[in-house]
Amino acid sequence: AATPALPAPSPAPPGVPIGPDGKPKKICCTCPDTKKLRDVCIAEREEHPYCQALIEAHKACLRVEGFKV
C-alpha cells in the first residue's frame, strides 16, 4: 500500500526571501540592530536628517537579506 504524500509547504509570496530554515523571512524580525536605531531616532527626533541615514542603513540591511525595499 502506498503511503500518502505529505503536502508540500506553501511557497513564500513573491519577493519574500527564504531563511536558512527553509521558512520565509519576516521583515519585522530581520536586521533588528538597524531597525531599533531607526525606530528610536524617528521616535525621538522625528524628521531629523540624521534619521534618514539610519532609515537607509536599515533598508540596505534588508536588501542584503533579500527583501526588495
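Residues numbered from 1 in each chain as written. Predicted model: local features only at pLDDT ≥ 70, side-chain atom pairs only at ≥ 80, totals over all residues. Heavy atoms only, no water.

Chemist: An account of the pattern of salt bridges is needed here, citing residue identities and associated values.
Modeler: The final tally for this structure, using the stated rule, is four salt bridges. D39 serves as the salt-bridge partner of K35, at 3.8 Å between the closest nitrogen and oxygen. Here K35 pairs with D39, and both are found in helix 1 (residues 32–45), just four residues apart, close to one helical turn. The exposure class assigned to D39 is partly exposed, which follows from its relative accessible area of 32%. What you see here is one network of salt bridges that share partners, running through K35, R38 and D39. (Salt bridge = Lys/Arg side-chain N within 4 Å of Asp/Glu carboxyl O. Helix = DSSP H or I, 4+ residues; strand = E, 2+ residues; numbered from the N terminus. Buried < 20%, exposed > 50% of the residue type's maximum accessible area, 1.4 Å probe, protein only.)

Chemist: Account for the UniProt feature "binding site: Cu cation" (unreviewed entry) in the protein chain, with residues named and values stated.
Modeler: Under the UniProt annotation, the feature "binding site: Cu cation" (unreviewed entry) is placed at C28 and C29. Relative to the helices and strands, C28 is located in the segment before helix 1. By relative accessible area, C28 is classed as partly exposed at 48%. Looking at where C29 falls in the secondary structure, it is placed in the segment before helix 1. (UniProt positions renumbered as here; feature names shortened; annotations may be inferred.)

Chemist: I'd like to hear about unusual backbone geometry, residue by residue, with values.
Modeler: The phi dihedral of C31 falls on the positive side, at around 60°, and the residue is not glycine. Within the secondary structure layout, C31 lies in the segment before helix 1. For C31, a relative accessible area of 8% translates into the label buried.

Chemist: A description of the packing of helix 1 against helix 2 (residues 49–64) should follow, citing residues and the corresponding values.
Modeler: Packing of helix 1 against helix 2 brings their axes to within 9 Å, and their N-to-C directions diverge by 155°. Of the possible angle classes, the one that applies to helix 1 and helix 2 is roughly antiparallel. Relative to helix 2, helix 1 is oriented so that their crossing is left-handed. Between helix 1, through T34, K35, L37, R38, C41, I42 and R45, and helix 2, the contact on the second element is made entirely by Y50, C51, L54, I55, A57, H58 and C61. Across the contact of helix 1 with helix 2, the residue classes tally to nine nonpolar, two polar and three charged. (Axes fitted to C-alpha atoms, helices over the stretch in contact; angles between N-to-C directions. Parallel < 35°, antiparallel > 145°, perpendicular 65-115°, else oblique. Left-handed = near helix turned anticlockwise from the far one by under 90°. Contact = heavy atoms within 4.5 Å. Nonpolar A, V, L, I, M, F, W, Y, C, P; charged D, E, K, R; others polar.)

Chemist: Account for the side chain of T30, naming residues and giving values.
Modeler: Looking at the element boundaries, T30 is found in the segment before helix 1. Classification of T30 as buried rests on a relative accessible area of 8%. Within the structure, T30 has its side chain in polar contact with the backbone oxygen of K26 (distance 2.7 Å). Residues in contact with T30, not counting those within four places in the same chain, are K25, H58, L62, E65 and F67. (Polar contact = N/O pair within 3.5 Å; in protein donor to acceptor, adjacent residues only side chain to side chain.)

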